[in-house]
Amino acid sequence: MTVHLHWFLPTGGDGRTLVDRHAYASNDIDRARPVSGVRAPDIEYLAQIAKAAEQLGFEAVLTPTGTWCEDAWLTTVALAQHTERLKFLVAFRPGVISPTLAAQMAATYQRITRGRLLLNVVTGGDSAEQRRFGDHLGHDQRYARTDEFLSVVRGVWSGQPYDFEGAHYQVEGGLTALPPDPLPEIFFGGSSAAAGPVAARHADVYLTWGEPPAQVKEKIDWIRSLADREGRTVRFGVRLHTISRDSSAEAWSTANRLLDDLDADTIAAAQSALGRSESVGQQRMLALHGGSRDRLEISPNLWAGVGLVRGGAGTALVGSHAEVADRIEEYHALGVEHFVLSGYPHLEEAYWFGEGVIPDLAARGLLPRAAAAVRGGAPLLVASGR
């Protein structure tokens, strides 16, 4: 079992600061006004990140979904024209689109990109966010709807007319005339009791946010046991940020700089907003640091500082390239195959990780041969002094 490495496309903005904190500012601020240290997610900049990820050997890039992001489908199909091999892990919400239409979109996407689509199903853990998109179901009902949604998607991908009668969807003769080839892998996350059975029935890859290894193992054991009852095998992934440098001291200095950029009011506002989330995974992230700047290294090289102001994945691997590789190897030993990584700014951090950690992982035999060799190319030309 080798490691699959993925990067992140910051379609909500990027920069030398923890950009997501601006999502928790008051709604009356001018969001079009440039903020110091923050980069707009225009297509030219996102193309730089996508090209860097491809050149460095990442298999795919995750594109988020939500109020503060550009649309993931449109953005990534545009970026597919700027890349050759890179896959796109497109996040989307089942409650705001027809499952038959989603299946058709995925099939079209696969043909346009020649098979470079992966799907990240986001059920949604924040009712306020869901209502912005016209979705008024409660937390557990949303997971029940996702269960039906994915049943329909897989059904209409069969290429034959498909009927479905459920509490949320009634489909008669649902059909994708030209099914996607290959079928996109489905990534799915969720830490609640309602989420587990859905993952067991439908996920190809169960994706968890970066908790300490012991907690990740508990989740793996939980989902694996549920999948066994369904007669299925589920693979596992972890979503983490990364700050990797030539030395541990350099890496922690960078983490501390990000932390110093946050004042108490900013942290308090973010924690208040995140605390209202219905997401069990989000509450687990918050519990790792309790809103305090103290004791943020919650496990060796695992730093919870990002989660002080960022929703979703709130932990980062911080350390020298070898230390970060050690932690990846530790998660891999638990059964984690997919690592979806990110860092601020995403362009620069992709290079720090790609040029520092990826060669180390390759030397340990943890990368597929194709991924380990993708960074090859023209020979390095060294000036002769003439």
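Above this text is the structure in question.
Because the structure is predicted, anything quoted here is derived from the model rather than measured. (Residues numbered from 1 in each chain as written. Predicted model: local features only at pLDDT ≥ 70, side-chain atom pairs only at ≥ 80, totals over all residues. Heavy atoms only, no water.)

Asker: Which residues make up the overall build of the protein, and what are the values?
Answerer: Secondary structure assignment for the protein yields 13 helices and 15 strands. On C-alpha atoms alone, the protein measures out to a radius of gyration of 21 Å, which is about the 21 Å that the 2.2 N^0.38 rule sets for 386 residues. Each principal axis of the C-alpha atoms in the protein carries an extent, and together these give about 70 × 50 × 45 Å. With 386 residues in all, the protein has 54% of them scored as buried. Nonlocal contacts in the protein, meaning residues at least 24 apart in sequence, comprise 74% of its contacts between residues at least 6 apart. Counting only carbon and sulfur atoms, one obtains 51% of the accessible surface of the protein, whose full area is about 16,600 Å². Taking the average place of the 37 positive charges on the side chains of the protein and the average place of its 46 negative ones, the gap between the two points comes to 2 Å. (Helix = DSSP H or I, 4+ residues; strand = E, 2+ residues; numbered from the N terminus. Rg over C-alpha atoms; globule rule 2.2 N^0.38 Å. Buried < 20%, exposed > 50% of the residue type's maximum accessible area, 1.4 Å probe, protein only. Contact = heavy atoms within 4.5 Å. Areas by Shrake-Rupley, 256 points an atom, 1.4 Å probe, with all protein chains shown as cover. Lys, Arg positive; Asp, Glu negative; His and termini not counted. Charge placed at Lys NZ, Arg CZ, Asp CG, Glu CD.)

Asker: If you had to explain the pairing of strand S14 (residues 316-320) to someone new, which residues and values would you point to?
Answerer: Where burial is concerned, most of S14 is hidden: five out of the five residues are buried. Summarising the sheet, strand S11 (residues 235-245) and S14 pair through five bridges and their orientation is parallel. Its bridge partner being in S14, Ser-244 is matched across the sheet by Gly-319. As defined by bridge partners, strand S13 (residues 302-303) adjoins S14 across two bridges and the pair is classed as antiparallel. Its bridge partner being in S14, Trp-303 is matched across the sheet by Ala-316. (Pairing = 2+ DSSP bridges.)

Asker: So what's going on with the environment of Thr-176? Residues and values would help.
Answerer: Tracing the chain through its elements places Thr-176 in the loop between strand S8 (170-174) and strand S9 (186-188). Thr-176 has contacts with Ala-103, Gln-104, Ala-107, Val-156, Trp-157 and Gly-159, leaving out every residue within four places of it along the chain.

Asker: How would you sum up helix H8 (residues 248-260)? Please name residues and give values.
Answerer: For H8, with 13 residues, the first-to-last C-alpha span of 18 Å sits near the 18 Å given by 1.5 Å per residue. All of the buried residues in H8 are Ala-251, Trp-252, Thr-254, Ala-255, Leu-258 and Leu-259. The buried residues of H8 occupy an angular sector of 150 degrees when the element is viewed end-on, so they sit on one face. The exposed set on the far side of H8, more than 90 degrees from its buried face, consists of Ala-249 and Asp-260. Tucked inside the fold, the buried residues of H8 contact S11, strand S12 (297-299), S13 and S14. (Expected span 1.5 Å × (residues − 1). Arc of directions from axis to C-beta.)

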